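Summary of the model geometry
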Amino acid sequence: MSDIAPAVIPPHAARELITGYKARLRSGCDALRAAYEAHPLTEPILKGRSHLVDDVLLDIWKRFGLPASAALVAVGGYGREELFPCSDVDLLFLLAEQPDDDLRERLTQMIGLIWDIGLDIGHSVRTADECIDEAGRDVTAVTNLLEARLIGGNAQLFNQFTVRLHNHLNVGQFYKEKRLEQEQRYTRHSDTPYSLEPNCKESPGGLRDLQVIGWISRAAGFGTHWRDLAKHGLVTTEEATELRELERFLQHVRIRLHHLTGRREDRVLFDHQEKLALKFGFEATENRRISEVFMQEYYRTAKKVTQLNTILLLNFGVEFFPNRHPAAININERFQCVREYLDVRDEGVFDRHPSALLECFLILQQRSELKGMTARTLRALWRGRKLIDADFRRDPTNRALFLRLLQQKRGVVHEMRRMNQYGILSFYMPAWRRIVGQMQHDLFHVYTVDQHSLQVLRNVRRFMVAEHAHEYPLLTRLATSFEKPWLIYIAALFHDIAKGRGGDHSKLGMKDARDFCISHGLDETDTALVEWLVGHHLSMSNVAQKQDLSDLDVIRRFGELVQTERRLTALYILTHSDIRGTSPKVWNGWKGKLLEDLFFATQRLLRGATPQQALGTPLRQEDARNLLRYYGLRPGTEDQLWTQLDTVYFMRHDAEEIAWHARMLYYRIESDDPVVKARPSHNGEGLQVMVYMRDQKDLFVRLCGFFARLGFTIADAKIHTTRHGFALDSFVLLDPGHEIHYRDVINLLEHDLTERLRTDAPIDQPASGRLSREVRHFPITPEVNIRPDERGQYYIMSVTAADRPGLLFGVARTLADHGINLHTAKIATLGERAEDTFLISGNDLAKEAQVLKIESELLEKLAV
């Protein structure tokens, strides 16, 4: 390589170069940013940074005297001249032959200098042969090389390389690999563009979806602009214009994210959403934050991107594989089957037969051989959605078709999701349009309102499918025997439809649900059921998680609310599905057990049992005795313990727990040593812990501190004092990080807690924990309310606050300081929100001034 100039930059000169290049890049980027802030246009700033970097790199290339036979090539986003403010710079050093030691040294120095001036580069040094070989093995490599652009050096070498690359490329195989790559990317991002903190580049509906189309278009020789796709008939002129507008919006989001954070940040985190909204010029409304208004626009953009991405990928498939399937098979005069996809017989079908806008989804439900819709059907569907107007909605044929969609044996959820994706659901149910893309900043919903509602529908529907019966056998049995299960589907669609309007969304949604049912010809009984379910969809959850299920009055009042077993069953199915549809983190087996206990107690009451019988106290004792006999204990073994326990104990524990306590304690009733026993919960989620010892001051505080120090949260606590002065306390512990194998810690917990209780050791202090970003950006105002129960025997204390480590310990410590006795603690954690209910007693609670003092102290501790 004799054409290399003898140029090695000495250290002092390199320092001067670094300083100069840094200043050049900084001033150039500052000027680009100022111009963008003054006139927010995406192309000038993206191309401007690309050209700025081009000039610097070309200058460095010349300074190092690299051979005339080599070329400096921009690849990836830099290659297509879309260099975002903090994006990395992808480079290819293209060589004619393998480098000798001198050239390697020069390249090493040059690459080091590029890093030193502050450019974050991804680079490779390859010959053309190596590039072609790598492109044959790695779809990512060929994707980057497709966008190659010469910065400087040997143009002939570069041109020969690009020709070889395109000749080597198998377009059909590249298309398949990019589709598979997209599917994998979608899976990594939970297959939804509606994450509360989406990645504007990688999430479904992000920039990457548009880039995939661009890569395939380049590979196929269709062009590099959206208008080129229109010229080839792959999109309409209007769609090409819309694609560019969607792309610009997402580019603005990414540019502003980089400016806000000063780094390559593509996640639209809670930290940035309000600032982005202000940059875009959005304004808050009476019922919605400014960030919610902005994010709804983001979701609508992402939704359109996924729609057009789907249409174009289908069109590409037809182009690349035109003769893989036989000719069209007619289904009826409106539709046909083409290559296993539903296709319109002609593109005017929806104009002549508007009802076909619903019929096409019904056909997909009824014909399992169909994989989806052809691109021209999707395009016609998208254009035809505006035919769904008031006259369309009043047409009895269309109303009957919509109900049939809900009544099919298969495809209900899939087609409702498809109808939502392509705007059909929003036009058919105008109230639905308002919740599409609407965020829920309540710290436990992780989906937008429309996606949550469809997830609830999916959960309800899953109970109807036999192959999923092993997941929730009781609910499957109830659902499959429920007459007209599609009524619960309607309630699922409408239960949150009034979110964001202000006021009680449950009550507001009742009118929407009733209007829908009446207009679709449901009789008064079915209409009343759906309306009632929408209005009371939170009632069962509130009672199960926040009230004492051993209280006769609680069960009686809930029974009076539901009135019939049909309502109870439908509400149980809907409630279970609703909680599980908020977030994977919210649901746990303990909440499932609370709902099940409330269901059975209320079912017995509605079938004629007295409230006492409904709670099943005598039955529980009998079942517990049978279990003790099963374990080999003689009749009467339990009597000595049970005589020390009051009726409330038997009302608060189920038969299995009662039997477990008796087996562990029947020979230790007067034990001077603490008895600590633990076991995994029945459902495998969490630990049940029993503590039995002579009662002592601050025992509950001590236990809370110990459990918190081990990293557990307390999901449930039942506190009892026997007639002979022993404490019998029961806990359900959960690991919030899902990292603990419960069986592995049983022996450690039993040993360490016994030792702590045996000695007069100081109370354990829980480790302080950081608040989550969600709580920092959407803080929860703590609330404390203490009120007497209806019989005046106890007091009920409700606490709402942002969840954090040591929360319950702080509450317990305050109560102990005021001599307040704790009888039960029901802990409901909804994402980052804690809603806890305590049954308490104490002399101070009868004094209004003392109650105010306790509430004030708790509020001070709960404030964050």
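As for the overall build of the protein
Secondary structure assignment for the protein yields 40 helices and 15 strands. Judged by the C-alpha coordinates and their principal axes, the protein covers about 100 × 75 × 55 Å. The buried share of the protein, taken over its 864 residues, is 56%. On the protein, the mean spot of the 113 positive side-chain charges and the mean spot of the 118 negative ones are 2 Å from each other.

Looking at the packing of aromatic side chains
If you walk through the whole model with that rule in mind, you get 30 aromatic pairs. A ring pair is formed by Tyr 692 and Phe 726, whose centres lie 5.0 Å apart and whose planes are at 20°; its orientation type is stacked. With Tyr 692 in strand β9 (residues 687-694) and Phe 726 in strand β11 (residues 726-734), this residue pair connects regions lying 34 residues apart in the sequence. Accessibility assignment for this pair places Tyr 692 and Phe 726 in one class, buried. Ring centres 5.9 Å apart and planes at 70° place the aromatic pair Phe 706 and Phe 707 in the edge-to-face group. For the pair Phe 706 and Phe 707, a shared accessibility class is recorded, and that class is buried. Among the aromatic residues, those joined into a ring-pair cluster are Tyr 175, Phe 222, Phe 316, Phe 320 and Phe 321.

Considering the environment of His 738
Note on placement: His 738 falls in the loop between β11 and α37 (742-758). Distance from His 738 to Gly 686, taken between C-alpha atoms, is 9.5 Å for residues 52 residues apart in sequence.

Things to note about the confidence of the model for the protein
With 95% of its residues at a pLDDT of 70 or more, the protein has an overall mean of 89. In the model, residues 1-6 has pLDDT below 50 throughout and makes 16 contacts with residues more than four positions away in sequence or in other chains.

A closer look at the pairing of strand β6 (residues 335-338)
Residues Phe 335 and Cys 337 line one face of β6 and the alternating positions Gln 336 and Val 338 line the opposite face, and both faces are buried. Adjacent in sequence and paired antiparallel, strand β5 (residues 329-330) and β6 are bridged by four residues. Relative to strand β7 (residues 341-344), β6 runs antiparallel, the two sharing four bridges. Bridge pairing in β7 places Val 338 opposite Tyr 341. Linking β6 to β7, which pair antiparallel, is a turn of two residues; within it Arg 339 sits at a positive phi near 50°.

Comments concerning the sheet that holds β5
Spatially, β5-β6-β7 is the arrangement adopted by the three strands of the open sheet, whose pairing is antiparallel. On the outer flanks of this sheet lie β5 and β7, each paired with one strand and no other. Alignment of β5 against β6, held across two bridges, turns out to be antiparallel. When the sheet's bridge partners are listed, Ile 329 is paired in β6 with Cys 337. Packed onto the sheet, helix α15 (residues 356-366) meets β6 and β7 and runs at close to 45° relative to β6. On top of the sheet, helix α16 (residues 375-384) reaches β6 and β7; it is set at about 55° to β7, its chief contact.

Some words on the side chain of Ser 506
Secondary-structure assignment places Ser 506 in helix α25 (residues 505-519). When near neighbours in sequence (up to four residues on either side) are disregarded, Ser 506 contacts Val 534, Gly 535, His 537 and Leu 538.

Remarks on the environment of Gln 793
With respect to the helices and strands, Gln 793 occurs in the loop between β12 (783-788) and β13 (795-802). Measuring from C-alpha to C-alpha, the distance between Gln 793 and Ser 841 comes to 7.9 Å, with 48 residues separating the pair along the chain.

Definitions and cut-offs
- Residues numbered from 1 in each chain as written.
- Predicted model: local features only at pLDDT ≥ 70, side-chain atom pairs only at ≥ 80, totals over all residues.
- Heavy atoms only, no water.
- Helix = DSSP H or I, 4+ residues; strand = E, 2+ residues; numbered from the N terminus.
- Buried < 20%, exposed > 50% of the residue type's maximum accessible area, 1.4 Å probe, protein only.
- Lys, Arg positive; Asp, Glu negative; His and termini not counted.
- Charge placed at Lys NZ, Arg CZ, Asp CG, Glu CD.
- Phe/Tyr/Trp six-rings, centres within 6.5 Å; stacked < 30°, edge-to-face > 60°.
- pLDDT = per-residue confidence, 0-100.
- Contact = heavy atoms within 4.5 Å.
- Pairing = 2+ DSSP bridges.
- Axes fitted to C-alpha atoms, helices over the stretch in contact; angles between N-to-C directions.

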